[in-house]
Amino acid sequence: MHYDDKEYIEKNFDEDTSYLDILRLCKRFFDIYSVRFKITDDEGLRLCDDEDILFLTRDNTGLPEVHVNIEEDITTSLLSFKLPEDNSSLASTISISQNPEVTNLRIVGDLKVNEKVIIFGDVIGGSNEASTIQMFITISTNFHVDNDLETISLSQTNKVFLIPLEALSHYLVAKYTPVAEDGKIGDSVYVTSDKYVENSTSQVKKNVRGKNLNKKVTALKPGEKMEVTFYNNRAVGDNHTCWSRHLGKIIRDGNICPVQVQTWRDMTPEVKDHIWGAVKDEIAETIQSKPSLSTIEVIDKCFRPQTHSHVFGYGGGIKRNDVVGSKSTKEKEFEDIMQEKEEENRNLKRKLDELEDWKKNITSRLDQLAKGGAHQSSFVSPTSNTDHHEVN
């Protein structure tokens, strides 16, 4: 047996060893009646009764050593009985079946939202692990069980409870129901927290959007202005982000943009002039108007020289459609070409039909000449209004 850095070797350990024998060995290390402890095997499995000890001996049959570990555990209950040699009167009644009871019930922990508390209790004639708790909240320590408690958890065997937000400014109430290992249930006992639940100072703040400071524009000196380059009526270049933020700041200013106006069409000319004046107060516009520049020259002009073998993302400035054309434009050009080709095909088919009719007409006239004798006839080509063909 191992306890901290101490150990004791028991040579007479076999299938006849009982749980009480293990408890007697624990007495070599500490007072088993005043210390909360647990007994586990070498794999960490808990040993709680004679059945566990029997399985332990059988599983380790043939091994030279069987290790049993003892360690203090404040979450367990004190022994609910004494060994026969320590209390003969209790030994005579230990076999009498009684309902389990719980005493010394308390709520331990920091009573703040999102903090954990532990419900402790000494179970007599039962098992702390099998016993259940259910949590409630109340606005007063003087409460009526049936009317003044609000349920905030289901019944559970886990004695650790995370305080929810709804418990804020309320007292916690724990309902502890002792349960014996044979399934017998004792009377439930209620315990109330010493004080009400407070707000946690360690709550994580939400990552929300901060105030639009636009520090680059704010840092301008009186009379100093920032240049913004425009292309196709859109801000581009280094300062286009500052431009967008500057506009956003103006729009959110109720002294400049009246909040009661729903649409831009309802803005009066005076208000529009006032807004435009605020926009140009710190921003100087630079219009890019050189239609002779190629696409890549426009990009280099607005966004500094780029690696021409890479695709460039235009962000909030120039859009892809401004440079390469929209998909709808390409489709329209393709449709126009297809219509031209269809019209050419219709014209060619019409001319072929006319030539076919002309050929049939000539063949018919030649047959008539062969039968009726030679005489002069004139044939007019369907493809020309001036050419005449004479057949003698």
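Further up the page is the structure itself.
Okay, so let's go over this structure. (Residues numbered from 1 in each chain as written. Predicted model: local features only at pLDDT ≥ 70, side-chain atom pairs only at ≥ 80, totals over all residues. Heavy atoms only, no water.)

A look at the pattern of salt bridges
Two side chains bearing opposite charge may form a pair once their charged atoms approach each other closely.
And then number 1: Tallied over the entire structure, the rule returns 5 salt bridges.
And then number 2: Arg-46 is paired through a salt bridge with Glu-129; the nearest N and O atoms lie 3.1 Å apart. Here the residue Arg-46 occupies a position in the loop between strand E3 (37-41) and helix H2 (50-59), and Glu-129 occupies one in strand E7 (residues 127-138), the gap between them amounting to 83 residues.
And then number 3: Judged by its relative accessible area of 31%, Arg-46 is partly exposed.
And then number 4: Its salt-bridge partner being Glu-343, residue Arg-346 comes within 2.4 Å of it at the nearest N-O pair. Within this pair, Arg-346 and its partner Glu-343 are both found in helix H9 (residues 327-372), separated by 3 residues, close to a single helical turn. (Salt bridge = Lys/Arg side-chain N within 4 Å of Asp/Glu carboxyl O. Helix = DSSP H or I, 4+ residues; strand = E, 2+ residues; numbered from the N terminus. Buried < 20%, exposed > 50% of the residue type's maximum accessible area, 1.4 Å probe, protein only.)

A look at the packing of aromatic side chains
And then number 1: Enumeration according to the criterion identifies 5 aromatic pairs in this entry.
And then number 2: Pairing Phe-136 with Tyr-190 gives two aromatic rings, centres 6.4 Å apart and planes at 45°, and the pair type is tilted. Taken together, the positions of Phe-136 in strand E7 and Tyr-190 in strand E11 (residues 189-192) put the pair 54 residues apart, joining distant regions of the chain.
And then number 3: Judged by its relative accessible area of 29%, Tyr-190 falls in the partly exposed class.
And then number 4: Summarising the aromatic geometry, the rings of Tyr-171 and Tyr-196 are spaced 6.3 Å apart at their centres and angled 90° between planes, so their arrangement reads as edge-to-face. Here Tyr-171, found in strand E10 (residues 171-179), pairs with Tyr-196, found in the loop between E11 and helix H4 (215-218); they are 25 residues apart in sequence, far enough to count as distant.
And then number 5: Ring pairs connect the aromatic residues Tyr-3, Phe-29, Phe-30 and Phe-37, which therefore count as one cluster.
And then number 6: Over the aromatic face of Tyr-33 sits the side chain of Lys-82, whose NZ or CZ is 5.6 Å from the ring centroid. (Phe/Tyr/Trp six-rings, centres within 6.5 Å; stacked < 30°, edge-to-face > 60°. Lys NZ or Arg CZ within 6 Å of the ring centre and 35° of its normal.)

Considering the environment of Asn-199
And then number 1: By the secondary structure assignment, Asn-199 is in the loop between E11 and H4.
And then number 2: In this structure, the C-alpha to C-alpha distance between Asn-199 and Leu-165, residues 34 residues apart in sequence, is 8.3 Å.
And then number 3: Setting aside chain neighbours within four positions, we find Asn-199 in contact with Lys-112, Val-113 and Leu-168. (Contact = heavy atoms within 4.5 Å.)

Side note on the sheet that holds strand E2 (residues 6-7)
And then number 1: Spatially, E2-E1-E4-E3 is the arrangement adopted by the 4 strands of the open sheet, whose pairing is mixed. Here the strands that pair on one side only, and so sit at the sheet edges, are E2 and E3.
And then number 2: Across 5 bridges, E3 lies against strand E4 (residues 68-72) in antiparallel orientation. The residue of E4 that forms the bridge with Ile-39 is Ile-70.
And then number 3: This element, helix H1 (residues 19-26), spans E3 and E4 of the sheet and lies at about 115° to E3. (Pairing = 2+ DSSP bridges. Axes fitted to C-alpha atoms, helices over the stretch in contact; angles between N-to-C directions.)

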